[in-house]
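# Structural description and commentary
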Amino acid sequence: MHPEQWAEVSSVGGFFALRTGDATGPHVPLATLYAGRTAPLSARIDTVATRLDAPERRVAASIAHLGLAARLWSIALGPAVLYGVLPDLAAPRLHWDGARTSPDDLLLAPGGQDREASAEGLVESVVEGHLAPLAEAFRRDTPVSRGLLRGNAGSALAGAVRELHGWARKSGRPEAGERALALGAELLACPQLAGTGALLEGPAFRRRSCCLYYRCPGGGLCGDCVFERPPRRTPSRGGAPD
């Protein structure tokens with residue numbers, strides 16, 4: 001990816017922006033989180049819990065996971081839709097600082113090899129390379145159900161598709177919007193994401209699980225929530241099923 005290409009991808013929105021260069025300071029390779037270094041991830045969950053006044057840790061963990069999943073989908077899907085390119089986002093090259101927000105939270109180290117984008121490549125790069133080990137890293141900190149985290153992955157993908165589709169229409173790039181929808185539908189049908197939700201008319205999406213945001217003080221339902229109205233709150237049992 002050339003700098004001018006990243007600049008156009010970044011114009012879609014902050015979640016699509018990705019800085020490149022040598023990692024400095026507190027940025028750590030995502031590979032280290034996946035391998036068991038949970039302190040940066042735990043600190044991020046703590047921050048989210050404080051900001052949202054989350055009533056239980058798994059709520060904060062879910063929201064923190066959803067945000068990072070959205071970043072990972074965005075930086076892969078943007079280049080795929082706009083240029084047909086899948087950048088090398090291997091976990092050892094992609095560095096993260098959980099104390100920062102987008103686009104400063106992620107930094108891509110030099111090197112790597114771009115390849116032609118495809119749904120299969122996106123599954124390999126994002127789902128298998130990041131979201132699967134990321135879910136297990138979160139579960140090492142907090143007992144969040146795998147089903148909820150899979151739902152977050154599907155919702156984050158749909159959100160990236162929706163942003164790209166809207167940007168494409170405003171920018172006079174309808175063909176890019178159609179590519180976003182087609183890729184999104186293909187990805188949501190892959191075994192790792194099947195059953196998490198479905199794209200409805202256009203880029204609308206309805207997930208089949210809940211991210212738990214409604215449990216926060218003042219929190220309502222997300223636009224793609226499985227619920228029509230917030231369910232009655234029940235005391236937490238302190239765990240989560242698989």
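Located above this text is the structure these notes cover.
Computed from a predicted structure; not experimentally measured.

What counts as what
- Residues numbered from 1 in each chain as written.
- Predicted model: local features only at pLDDT ≥ 70, side-chain atom pairs only at ≥ 80, totals over all residues.
- Heavy atoms only, no water.
- 1 Å grid on protein atoms, 1.4 Å probe; cavity = no way out; pocket = protein on both sides within 12 Å on 5 of 7 lines; lining within 4 Å.
- Points joined across faces, edges and corners; volume = space filled by probe spheres on them.
- Helix = DSSP H or I, 4+ residues; strand = E, 2+ residues; numbered from the N terminus.
- Nonpolar A, V, L, I, M, F, W, Y, C, P; charged D, E, K, R; others polar.
- Core = buried A, V, L, I, M, F, W, Y, C linked by side-chain atoms within 4.5 Å.
- Buried < 20%, exposed > 50% of the residue type's maximum accessible area, 1.4 Å probe, protein only.
- Contact = heavy atoms within 4.5 Å.
- Pairing = 2+ DSSP bridges.

### What to know about the layout of surface pockets
Empty space within the largest pocket amounts to approximately 680 Å³. If you trace the largest pocket, you find 32 residues lining it, with Phe15, Ile63, Leu66, Gly67 and Ala70 closest to the centre. Going through the elements one at a time, helix H3 (39–52), helix H4 (57–83) and helix H6 (146–170) are the ones with two or more residues in the lining of the largest pocket. Sort the elements by how many residues they give to the lining of the largest pocket and H4 lands first, with eight residues. Partitioning the lining of the largest pocket into residue classes produces 16 nonpolar, nine polar and seven charged.

### Some thoughts on the nonpolar core
One finds Leu72, Trp73, Leu77 and Leu122 to be the most contacted residues of the largest nonpolar core, which totals 71 residues. In terms of residues, this core owes the most to one element, H4, which gives 17 residues. Those residues in contact with Leu122 that lie beyond four places of it in its chain are Ala76, Leu77, Ala80, Leu86, Val127, Leu183 and Leu187.

### Considering the side chain of Ser62
By the element assignment, Ser62 lies in helix H4. Excluding residues within four positions of it along the chain, Ser62 makes contact with Leu148, Asn152 and Cys211.

### Let's talk about the environment of Ser42
Within the secondary structure, Ser42 sits in helix H3. For Ser42 and Gly202, which are 160 residues apart along the polypeptide, the C-alpha to C-alpha distance reads 37 Å.

### Concerning the environment of Ile63
Inspection of the secondary structure puts Ile63 in helix H4. Residues Ile63 and Gly166, spaced 103 residues apart in sequence, show a C-alpha to C-alpha distance of 24 Å. Residue contacts for Ile63: discarding those within four places in its chain leaves Val48, Leu52, Cys211 and Tyr213.

### Brief notes about the sheet that holds strand E5 (residues 106–108)
As summarised here, the arrangement of the four strands in space is E1-E5-E4-E2, forming an open sheet in which the pairing is mixed. Each edge of the sheet is formed by a strand with only one pairing partner; in this case those strands are strand E1 (19–20) and strand E2 (28–29). Pairing between strand E4 (residues 94–96) and E5: three bridges, direction antiparallel. By the bridge assignment for E5, His95 is matched with Leu107.

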